[in-house]
Amino acid sequence: MINKLMELTRLDGISGDEQVVRQAILKDIRNEALDYQTDSIGNLIVNAKTTGEYNFRVMLSAHMDEVGFMINGITDDGKLKFASVGGIDPRILIGQQLRVGTKKIPGVIGYKPIHLQDKAERESVVRLKNLYIDVGAKDREQAGSLAALGDSIAFASEPVMFGKTRLKAKALDDRVGCVILLELLKQVWPFEMVACFTVQEEVGLRGARVAANRIQPDIAVVLEGTTCADVPGVKEHEFSTILGKGPAISFADRTSIGDRKLIDHLVKTAQDEGISYQWKQTVSGGNDAGKIQTSVKGVRVISISAPCRYIHSPVSCLDTEDVENMLKLVRAALIKLPHLLRGRNEG
């Protein structure tokens, strides 16, 4: 599974430009002989194999897109101006290597040399509009032959294992959720399960809204990569999550509130099965659950996430044991789900 995760992080899938990631996932889906469809916005919707023993529908959601950039200007001297796609801290960008456009042109983010900056510039946070991308072009015409306005730009970052169980890579948010979905689709389930590899999560949870309105699930489980800030200079109550302590269960964030009975079910499953887990300690951020919860007539949702340090950067880091435990917990909780729902009114 970790090798597959590394493979998926090598692919570029900026929000609105996820087709390469979708095609890679489709290869696995076809190998499992599963029914699937791609909707008009680009979501990949896959029906898991089922015995049909129980009459309820579960939606699993993980997004294919990642944060990145888009070209919005070319200067006379051949530099590219750009806008961010998704939330990215400008302070990490100077000197970052990139892959630009469909041709994957190498590029690097540049800024005025420090010896030419005045005191105010040196002491302030760099603004995105003052950065540029150098693709080695001598003028506007040459740059325009390499890339065009509207082209997507991704971080150029190879996955690397370090320490005993740590993985550094771009796009762990949310290729980690995608790889867990692929593992869950290898099983036959006693209820209807629909796995959604969604698009445009990083720019407003757009794909999830479309998918949920189509599927109309009874329950939704969102699989994510989430913030981990267990680093020097951060107070313990601000850590959000801790690397290596297990997958994180969210009780709420800025877009959704988890269903309390589903949360209790996850916690009891983890305790019964001896699976490590933790709480996401900060009520911040948001994910596909926000749009799924308010779709159609309303859906009971829950989010479970792999902690990722330095999220939304080219060097996000996770603990592979958290990923393994995330899969174990979600799988076990889903297997036991009929016992939770038996005899309950699903309306």
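Our structure's up above, just so we're on the same page.
None of these values were measured; they are calculated from a predicted model.

### Quick notes on the packing of helix α1 (residues 2-9) against helix α5 (residues 172-184)
Relative orientation of the contacting elements α1 and α5 amounts to 135°, with a least axis distance of 9 Å. Here α1 lies oblique to α5, going by the angle between them. In terms of crossing hand, the pair formed by α1 and α5 is right-handed. Facing α1, whose interface residues are Lys4, Leu5, Leu8 and Thr9, α5 presents Leu172, Arg175, Val176, Cys178, Val179 and Leu182. When the residues that make up the contact of α1 with α5 are grouped by side-chain class, the tally is 7 nonpolar, 1 polar and 2 charged.

### Quick word on the pairing of strand β19 (residues 316-319)
What you see with β19 is no split at all: Ser316 and Leu318 on one side and Cys317 and Asp319 on the other are buried throughout. Pairing of strand β12 (residues 166-169) with β19, which is carried by 4 bridges, proceeds in the antiparallel orientation. Across the sheet, residue Arg166 finds its bridge partner in β19, namely Asp319.

### Observations concerning the packing of aromatic side chains
Under the counting rule described, the total for this entry stands at 7 aromatic pairs. With centroids separated by 5.9 Å and ring planes inclined at 40°, the aromatic side chains of Trp189 and Phe191 adopt a geometry described as tilted. Relative accessible area serves as the criterion here: at 2%, Trp189 is assigned to the buried category. Judged by relative accessible area, Phe191 falls into the buried class, the value being 0%. Aromatic ring contacts, followed pair by pair, group Tyr54, Phe56, Trp189 and Phe191 into a single cluster.

### Description of the pairing of strand β2 (residues 44-47)
Where strand β1 (residues 35-38) meets β2, 4 bridges bridge the pair, whose relative direction is antiparallel. By the bridge assignment for β2, Gln37 is matched with Ile45. In this antiparallel pair of consecutive strands, β1 and β2, the connection spans 5 residues, and Gly42 shows a positive phi of 115°. Summarising the sheet, β2 and strand β14 (residues 192-198) pair through 4 bridges and their orientation is antiparallel. Following the sheet pairing, Ile45 is matched in β14 by Cys196.

### As for the pattern of salt bridges
In total, this model carries 19 salt bridges according to the counting rule given. Across the pair Lys4 and Glu7 runs a salt bridge, and its minimum N-O distance is 3.2 Å. One end of the pair is Lys4 and the other is Glu7, both in helix α1 and 3 residues apart, which spans about a single turn. Salt-bridge contacts for Arg309 lead to Asp230; the nearest nitrogen and oxygen are separated by 2.7 Å. Highlighted residues: Arg309 in strand β18 (residues 300-309) and Asp230 in the loop between β15 (219-228) and β16 (248-250), separated in sequence by 79 residues. Given the relative accessible area of 17%, Arg309 is considered buried. The buried category is assigned to Asp230, whose relative accessible area is 14%. Salt bridges sharing partners connect three or more residues here, namely Asp12, Glu66, Arg99, Lys104, Lys170 and Arg175.

### Quick look at α5
With 13 residues, α5 extends 18 Å between its outermost C-alpha atoms, agreeing within 8% with the 18 Å of an ideal straight helix rising 1.5 Å per residue. The buried count for α5 comes to 13 of 13 residues, which makes it a mostly enclosed element.

### Considering the packing of helix α2 (residues 19-31) against α5
Contact geometry for α2 and α5: axes closest at 11 Å, N-to-C directions at 15°. As far as their axial angle goes, α5 and α2 are roughly parallel. Both α2 and α5 take part in a crossing whose hand is right-handed. Residues Val21, Ile25, Asp28 and Ile29 of α2 form the contact with α5, whose own contacting residues are Arg175, Cys178 and Leu182. Residue composition of the contact of α2 with α5, grouped by class: 5 nonpolar, no polar and 2 charged.

### Points about the nonpolar core
One finds Ile25, Ile29, Leu184, Phe197, Leu223, Ile304 and Leu334 to be the most contacted residues of the largest nonpolar core, which totals 59 residues. Once residues within four sequence positions are removed from consideration, Ile304 is found in contact with Val221, Val222, Leu223, Glu224, Pro247, Ala248, Ile249, Leu266, Met326, Leu329 and Val330. Formed by 22 residues, the second largest nonpolar core is a distinct cluster that contains Phe69, Val100, Val126 and Phe155.

### Some words on unusual backbone geometry
With an omega dihedral of 10°, the bond running from Asp173 to Asp174 counts as a cis peptide bond. Within the element layout of this structure, Asp174 appears in helix α5. One non-glycine residue, Lys104, lies in positive phi territory at about 55°. Mapping Lys104 onto the fold places it in the loop between β7 (97-100) and β8 (105-110). A positive phi angle, near 60°, is found at His312, a position not held by glycine. Relative to the elements of secondary structure, His312 occurs in the loop between β18 and β19.

What counts as what
- Residues numbered from 1 in each chain as written.
- Predicted model: local features only at pLDDT ≥ 70, side-chain atom pairs only at ≥ 80, totals over all residues.
- Heavy atoms only, no water.
- Axes fitted to C-alpha atoms, helices over the stretch in contact; angles between N-to-C directions.
- Helix = DSSP H or I, 4+ residues; strand = E, 2+ residues; numbered from the N terminus.
- Parallel < 35°, antiparallel > 145°, perpendicular 65-115°, else oblique.
- Left-handed = near helix turned anticlockwise from the far one by under 90°.
- Contact = heavy atoms within 4.5 Å.
- Nonpolar A, V, L, I, M, F, W, Y, C, P; charged D, E, K, R; others polar.
- Buried < 20%, exposed > 50% of the residue type's maximum accessible area, 1.4 Å probe, protein only.
- Pairing = 2+ DSSP bridges.
- Phe/Tyr/Trp six-rings, centres within 6.5 Å; stacked < 30°, edge-to-face > 60°.
- Salt bridge = Lys/Arg side-chain N within 4 Å of Asp/Glu carboxyl O.
- Expected span 1.5 Å × (residues − 1).
- Core = buried A, V, L, I, M, F, W, Y, C linked by side-chain atoms within 4.5 Å.

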